[in-house]
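Residue strings, one per chain:
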Amino acid sequence: MDENLPENVELDISEPIWDRFFYIISLVIIGTREADGGHDLAPKHMAMPIGWDNYFGFVCSPTHATQSNAERSGVFTVSYPRPDQLLQTSLAASPRFDKVGKPALAALPVVPARVVDGVLVEGAYVELECELERIIDGFGRNSLIIGRIVAARAAEDALRVMDGDDADLIHHSPLLAYLSPGRFAKVDQSLSFPFPAGMRK
Ligand SMILES: Cc1cc2nc3c(=O)[nH]c(=O)nc-3n(C[C@H](O)[C@H](O)[C@H](O)COP(=O)(O)O)c2cc1C
């Protein structure tokens, strides 16, 4: 045993553990169509590709409009904001009010989706349009919403190109990292991952 290593402290699992340490994850904005024809946008950090094929999933809650909208309409969109869109991204989590809904959404310009009925955040560097694959309820208070990607676009300056320099690309088009809980970072420095020789997917 290496005595120089810090001791790992037992966490109380009678409470959620996720605020006790930091972890890194993306931050996306999920777009859905409201029953009245308007749109809803909500930031989600528990969100990621589901597998190697074109599926995308995020953790939601049956109490959120995002979930009922996705269930009713059968579609949702995913926008990956750039670091300079952080404030607008956060505002999309503002509370909703009777009659006026979520007034903070006015600060987020949108563009129409092209294949599904919905909107995406203008200026996002990746846009995904998804058809609902399934909703899996029952992870405590949460549910997992999974969509099949039916259209996808990436901004020219964020698109990897054959023989391009990936480090350069990330340097010039930085990524937004969410450091849960409650911090963020602009990632513009990166190194090539040291994959082991002979590794297979
Ligand atoms: C940085 C950040 C990350 C969030 N991540 C999630 C998430 O992963 N899943 C979730 O259900 N809510 C998440 N939320 C909360 C929802 O965005 C928020 O409750 C939103 O108002 C729900 O809107 P809706 O009722 O219109 O769906 C997050 C909020 C913020 C600010």
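Preceding this section is the structure that the text describes.
Notes on the structure in this doc start here. (Residues numbered from 1 in each chain as written. Predicted model: local features only at pLDDT ≥ 70, side-chain atom pairs only at ≥ 80, totals over all residues.)

Regarding helix α1 (residues 65-73)
The condition that has to hold: To sort residues by burial, count the other C-beta atoms lying within 10 Å of each one's C-beta; a count of 20 or more means buried, 12 or fewer means exposed, and anything in between means partly exposed. C-beta atoms are built from the backbone. Strands here are runs of E lasting at least two residues and helices are runs of H or I lasting at least four, both read from the DSSP assignment and numbered beginning at the N terminus. By construction, the arc corresponds to the directions joining the helix axis to the C-beta atoms. By the convention adopted here, residues are in contact when the distance between their C-beta atoms, placed from the backbone, does not exceed 7 Å.
Among all positions of α1, only T66, Q67, N69 and A70 are buried. One side of α1 carries all its buried residues, which in axial view fall inside an arc of 165°. Those residues of α1 that are buried lie in contact with β2 (28-33), β3 (39-44), β5 (55-60), β6 (75-80), β9 (126-139) and β10 (142-154). G74 lies just past α1 and shows a positive phi near 75°.

Regarding the pairing of strand β12 (residues 183-187)
We apply this condition: Paired strands, in this sense, are two strands between which DSSP finds at least two bridges.
Relative to β12, strand β11 (residues 175-180) runs antiparallel, the two sharing five bridges. Across the sheet, A177 pairs through a bridge with A185, a residue of β12. Count of turn residues in the β11/β12 antiparallel hairpin: two residues, of which G182 carries a positive phi of about 80°.

Comments concerning the sheet that holds β12
Heads up, the condition is: As a rule, the C-alpha atoms of each element are fitted with a line to give its axis, helices using only the stretch in contact, and angles between N-to-C directions run from 0 to 180 degrees.
One open sheet accounts for three strands, arranged β1-β11-β12; its pairing is antiparallel. For this open sheet the edge positions go to β1 (23-25) and β12, each flanked by a neighbour on one side alone. Between one strand axis and the next, the sheet turns by 30° as a mean value, whatever way the strands run. Both β1 and β11 contribute to a ladder of three bridges, which runs antiparallel. Bridged to I24 within β11 is L179.

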